[in-house]
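Fold and contact review
Chain residues, written in single-letter form:
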Amino acid sequence: MSNTQSDVIIAPSILSADFAFLGEALAQLKTAGADWVHIDVMDGLFVPNLTIGPAVVADLKKHSDLPFDVHLMIEKPERYLQSFKEAGADIITVHVEACRHLHRTIHTIRNLGCKAGVSLNPASLPQCLDYVLDDLDLILLMSVNPGFGGQKFIPATLEKIKAVRAMIGNRKITLEVDGGITPQNAPDVISAGASVLVAGSAVFKAPNMTDAIASLRKRIRQ
């Protein structure tokens, strides 16, 4: 099942923004046409990079009323779920590779009042999700190895998107793809079955944020 252009959610990742001007960047996203704000949280253990924590997310919330899509690339994410909920997360996504008790973690997120997502690294099998599908609001497929922005899209992800879309069936689960999204590959990603595109460099490194988001949408329509 593919999606129409009107279904597609654009979620710019602030990992690619200038961290000295995050507030200003977030304030511009809604006017620029973004639907969500994607926030990558990294601990230097699960991935080889450090980014931000709940206190920064709470401050960022003051600059945007867009949904906050918080992606926890951290070990033992269950330790911080409450903190990110209080900071303003609307969606909390954890990695299957980082959770010892995935089912419990998913239900903790939902009990906090957030939508619950699970992410898979490029080499992780979709079958890892077999026994939690009915508990999920979102599945996030990494189309690069997580840790740094600006990487190139891994082409094999397209077949994985199709496989996960088939697994989802009629369930009301949002399928999100993160990593190396550009106007050139966005149509293929949507045709494969994704409904949310996380775009970092394609938005924040472009000369004009509004034009960059419009370009993504235009290419999806074609």
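Let me begin by describing the structure that accompanies this report.

**As for the packing of aromatic side chains**
- Inspection of the entire model under this criterion finds 0 aromatic pairs.
- Across the ring face of Phe68, the terminal group of Lys61 is positioned such that the distance to the ring centre comes to 4.3 Å.

**Side note on the side chain of Asp135**
- Note on placement: Asp135 falls in the loop between strand E5 (115-120) and strand E6 (138-142).
- Not counting residues within four places of it along the chain, the set of residues in contact with Asp135 comprises His103, Ile106, His107 and Arg110.

**A word on the pairing of strand E3 (residues 68-73)**
- E3 sits mainly inside the fold: 6 of its 6 residues count as buried.
- Here E3 shows no split at all, with Phe68, Val70 and Leu72 on one side and Asp69, His71 and Met73 on the other all buried.
- In terms of strand pairing, strand E2 (residues 37-42) meets E3 through 6 bridges, oriented parallel. Bridged to Asp40 within E3 is His71.
- In this region the chain leaves E2, passes through helix H2 (residues 54-61) and returns to the parallel neighbour E3; the handedness of that crossover is right-handed.
- Of the pairings in the sheet, the one linking E3 to strand E4 (residues 91-95) comprises 4 bridges and is parallel in character. Within E4, the position partnered with His71 by the bridge is Thr93.
- The β-α-β motif built from E3, the intervening helix H3 (residues 81-87) and the parallel element E4 has right-handed crossover chirality.

Conventions and cut-offs
Residues numbered from 1 in each chain as written. Predicted model: local features only at pLDDT ≥ 70, side-chain atom pairs only at ≥ 80, totals over all residues. Heavy atoms only, no water. Phe/Tyr/Trp six-rings, centres within 6.5 Å; stacked < 30°, edge-to-face > 60°. Lys NZ or Arg CZ within 6 Å of the ring centre and 35° of its normal. Helix = DSSP H or I, 4+ residues; strand = E, 2+ residues; numbered from the N terminus. Contact = heavy atoms within 4.5 Å. Buried < 20%, exposed > 50% of the residue type's maximum accessible area, 1.4 Å probe, protein only. Pairing = 2+ DSSP bridges. Right-handed = clockwise from strand over helix to strand, strands pointing away.

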